[in-house]
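Okay, here's what each chain looks like letter by letter:
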Amino acid sequence: MYQAMTSMGHAAGTDFRSPPALTGAKPGTSVVVLGAGLAGMLAAFELRRAGYSVRILEYQNRSGGRNFSLRGGDTLTELGGATQKVGFAPGNYINPGPWRIPYHHQALLHYCRAFGVALEPFIEVNHNSLLHSSQSFGGTPQRYRDIMTDFNGQTAELLAKAVNQNHLDDVVSADERHDLLAAMQGWGLLDSNYAYKSSDKVSLRRGWARAQGGGPEGAPLPSQPLPRAEVLKSGLWQWLAFNMNYEMQTTMFQPVGGMDMIGKAFARQVEGLVTHNIKVTRIEQDEHGVTVTYDDNNHGGAVGQAHADYCVCTIPLAVLSQIDVQARTPLRQAIQAVPYESSVKVGLEFNRRFWEEDEQIYGGISFTDQPMSQISYPSHGYFSNGPAVLLGAYMFGAAAYDFAGKLPEERVQAALRQGAVLHRQYPKEFRTGVGVAWSRMPWTLGCCAMWSEESRLKHYKSLTEMDNRLVLAGEHASYVGCWQEGALLSSLAAITQLHQRAVGSA
């Protein structure tokens, strides 16, 4: 999984050090920015600071792009006309797009600090969350800590046996033998005979059959490890490695109050520069400037044009590929070459925080082999009374396309049925929900760009280099695809190229 993510630019580190120093701009040089997502707003912010005259054209009636949160009273209309009206209680929300920030996404963290966005920890790993395989353990979900402890212990026991039976003498030296056995004994909690079995020591890691208490009957009872063959067969161990991926390692963050706090903070920095409800239909350029033709949905779709010296285009490629773009052949081919991934998120609101009250799950993620894939518990509002929202499904690939083919209410019901396998409280406690299919969002037509290794080698350079007076930005123009960090890094790279071109020709 990690190798695949890396090859597609999903798991790369970022190279941000500081914002670019754009000096020497010719006063009055104009730039039109297409799209008021984070990439577009950052481009406008930094270019205006450098002295450029900037205007942003945005298709939607809001700024923020894929950075947004759905709250009670919001409506969401998708391709085909299906409209959902969000019925969450006041203060509750779901983040349909980005929902967590890795600690090493330093560009995003920098601008959060600069723009006053308060952050709090996002709980990615919870040892009390659930791992579920429909074909193992009678379909009963298991605690993360149980699978982790047993898999580690049973693996350590097998390796220790191989060492003691001299099966590794050709690769383990006599000096290493003692150290390896000691390591396996400590890591796997093996007994003096290098066996992994029920004990107080093991139960201190995987939990007790009867918890520690007080008084005469306070002695705990050790828990029993799961059968090794079933642990291995279940495949649940794969989720133990998920959080070893660079992008998923602690510490992670989220904005206080919803992910849209970031989008709103960026929007404040470019207030007065954005015209909403503008549908771009053509991008033309020559040696003198750029002309963008559009339908103005503020005025009944009237055709209008914006003229500027340069253009930064952040329109997602799935949409841009349907627009008439006047550019060199390599750029036009690159725009057409990158497909977009489908993704679905389902937000479910319940009467109470039963995952906390009944099961002591505070934040983190439970995984399942069902199409819904996972449940993420809120990393905020712990111990509060009243309704609460969790992420009841999050999927990519074939399952996402299947869910996208359902009506929104059918997505919610499917997530409820599958989630009830992990939490029996679902039917009784459910209040309302919303299901967002990114392939059905008309302004992006997918979740994010899915570069292959081959397409990157062939088209990435052409996509990211400035073409006369036009330069592209967005997560698709980065090696940190599908993340907000990629959008910001691509934006900074794009405006640096634009500035060098403008200063060089001034």
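The coordinates are above.
Right, let's walk through the structure included here. Here the residue index of a chain counts from 1 through its sequence in written order. The model is predicted, so local features are restricted to residues of pLDDT at least 70 and side-chain atom pairs to those at 80 or more, both for listing and for counting; the totals for chains, interfaces and linings are taken over all residues. Computation of side-chain values: all heavy atoms of the structure, hydrogens and water removed.

## Here's the deal with the overall build of the protein
Looking only at helices and strands, the protein features 17 helices and 27 strands. In this treatment the radius of gyration is a C-alpha quantity, and the globule benchmark scales as 2.2 Å times the residue count to the 0.38 power. Over its C-alpha atoms the protein spans a radius of gyration of 26 Å, differing by no more than 12% from the 23 Å that the globule rule assigns to 506 residues. Buried means the residue's accessible area, taken with a 1.4 Å probe over protein chains only, is under 20% of the maximum for its type, while exposed means over 50%, and partly exposed covers the values in between. Looking at the protein as a whole, 54% of its 506 residues qualify as buried. The contacts in the protein between residues at least 6 apart in sequence include a share of 70% that link residues at least 24 apart. On the protein, roughly 21600 Å² of surface is accessible, and the fraction owed to carbon and sulfur atoms is 51%. Under the DSSP-based scheme used, a helix requires at least four consecutive residues in state H or I and a strand at least two consecutive residues in state E, with every element numbered from the N terminus. Any pair of residues with heavy atoms lying within 4.5 Å of one another is described as a contacting pair. All accessibility values rest on the Shrake-Rupley procedure with a 1.4 Å probe; residue burial counts only the protein chains present in the view.

## As for the state of the cysteines
Any two cysteine sulfur atoms within 2.5 Å of one another count as a disulfide. Inspection of the entire model under this criterion finds one disulfide. With no disulfide of its own, cysteine 311 lies closest to cysteine 313 among cysteine sulfurs, the gap being 5.6 Å. For cysteine 311, a relative accessible area of 0% puts it in the buried group.

## Focus on the pattern of salt bridges
Here, a salt bridge means any side-chain nitrogen of Lys or Arg that lies within 4 Å of a carboxyl oxygen of Asp or Glu. According to the stated counting rule, one finds 20 salt bridges in the structure shown. Aspartate 260 is the partner of lysine 264 in a salt bridge, and the nearest nitrogen-oxygen pair spans 3.5 Å. Placement of the pair is lysine 264 and aspartate 260 together in helix α9 (residues 260-269), with a separation of four residues, close to one helical turn. When its relative accessible area of 6% is taken as the criterion, aspartate 260 is described as buried. Overlapping salt bridges bring together Arg352, Glu357, Asp358 and Glu429 as one network.

## Digging into the side chain of serine 491
For serine 491, the position within the fold is in helix α17 (residues 484-505). Polar contacts here mean pairs of N or O atoms no more than 3.5 Å apart (in protein, one a potential hydrogen donor and the other a potential acceptor; neighbouring residues in sequence count only if both atoms are side-chain atoms). At 3.2 Å, the side chain of serine 491 forms a polar contact with the backbone nitrogen of alanine 43. Filtering out sequence-adjacent residues up to four positions away, serine 491 remains in contact with Ala39, Leu42, Ala43 and Ala473.

## With respect to the sheet that holds strand β19 (residues 324-325)
At least two bridges found by DSSP between two strands are what make those strands a pair. Pairing is mixed across the open sheet formed by four strands, whose spatial order is β17-β16-β15-β19. Since the sheet does not close on itself, it has two edges, and those belong to β17 (302-308) and β19, each with one partner.

## Remarks on the side chain of serine 490
By secondary structure assignment, the location of serine 490 is in helix α17. Here the side chain of serine 490 touches alanine 487 through a polar contact of 2.8 Å, landing on its backbone oxygen. Those residues in contact with serine 490 that lie beyond four places of it in its chain are Ala473, Gly474, Glu475, Ala477 and Ser478.

## Section: unusual backbone geometry
What is expected of a backbone is that most residues other than glycine have negative phi and most peptide bonds are trans. Looking along the chain, the bond that leaves threonine 250 and enters threonine 251 is cis, with omega of 10 degrees. Take threonine 251: it is sitting in the loop between α8 (238-242) and β13 (252-255). The phi angle at serine 373 is positive, at roughly 75 degrees, despite the residue not being glycine. Summarising the element assignment, serine 373 is placed in the loop between β22 (365-368) and β23 (374-376). Look at serine 373 and you get buried, because its relative accessible area is 16%.

## Considering helix α5 (residues 174-188)
Multiplying 1.5 Å by the helix residue count minus one yields the expected span of that helix. The terminal C-alpha atoms of α5 lie 21 Å apart, and with 15 residues this matches the ideal 21 Å at 1.5 Å per residue to within 8%. Every buried residue of α5 is accounted for by Leu181, Met184 and Gly188. Each buried residue of α5 sits inside an arc of 65 degrees when the element is viewed along its axis, so together they form one side. The exposed residues of α5 that point more than 90 degrees off its buried face are Asp175, His178 and Asp179. Buried residues in α5 make contact with α4 (144-164). Taken from the residues just after α5, leucine 189 is the one with a positive phi, measuring 60 degrees. This arc is taken over the directions from the axis of the helix to the C-beta atoms.

## Concerning the packing of helix α11 (residues 329-337) against helix α16 (residues 453-464)
With axes taken as lines fitted to C-alpha atoms, and helix axes fitted only over the stretch in contact, angles between N-to-C directions fall between 0 and 180 degrees. Packing of α11 against α16 leaves a shortest axis separation of 8 Å and a crossing angle of 120 degrees. Helix-helix and strand crossings are classified by hand; for α11 and α16 the assignment is left-handed. In this structure, α11 contributes Pro330, Leu331, Gln333, Ala334, Ile335 and Ala337 to the contact, and α16 contributes His459, Ser462 and Leu463. Residue polarity is assigned by list, with Asp, Glu, Lys and Arg as charged and Ala, Val, Leu, Ile, Met, Phe, Trp, Tyr, Cys and Pro as nonpolar; anything else, Gly included, falls into the polar class. Looking at the contact of α11 with α16 residue by residue, the classes come out as six nonpolar, three polar and no charged. Crossings are assigned a handedness: left-handed for a near helix turned anticlockwise from the far helix by less than a right angle, right-handed for a clockwise turn.

## Considerations on the environment of valine 125
Checked against the element boundaries, valine 125 lands in the loop between β8 (119-122) and β9 (130-132). Using a relative accessible area of 27% as the deciding quantity, one classes valine 125 as partly exposed. In the structure, valine 125 is positioned 290 residues away from alanine 415 in sequence and 22 Å away in space, judged by C-alpha atoms. Beyond its immediate chain neighbours, meaning those up to four positions away, valine 125 contacts Tyr144 and Asn243.

## Points about the nonpolar core
Leu47, Tyr52, Tyr111, Ile262, Phe266, Val312 and Leu498 are the most contacted members of the largest nonpolar core, which has 78 residues in total. In this structure isoleucine 262 touches Leu38, Asn67, Ile101, Leu108, Cys112, Val117 and Pro255, once residues within four positions along its chain are discounted. The definition of a nonpolar core used throughout is a set of buried Ala, Val, Leu, Ile, Met, Phe, Trp, Tyr and Cys residues joined through side-chain atoms within 4.5 Å.

Functional significance is not addressed by these values, which are geometric in nature.
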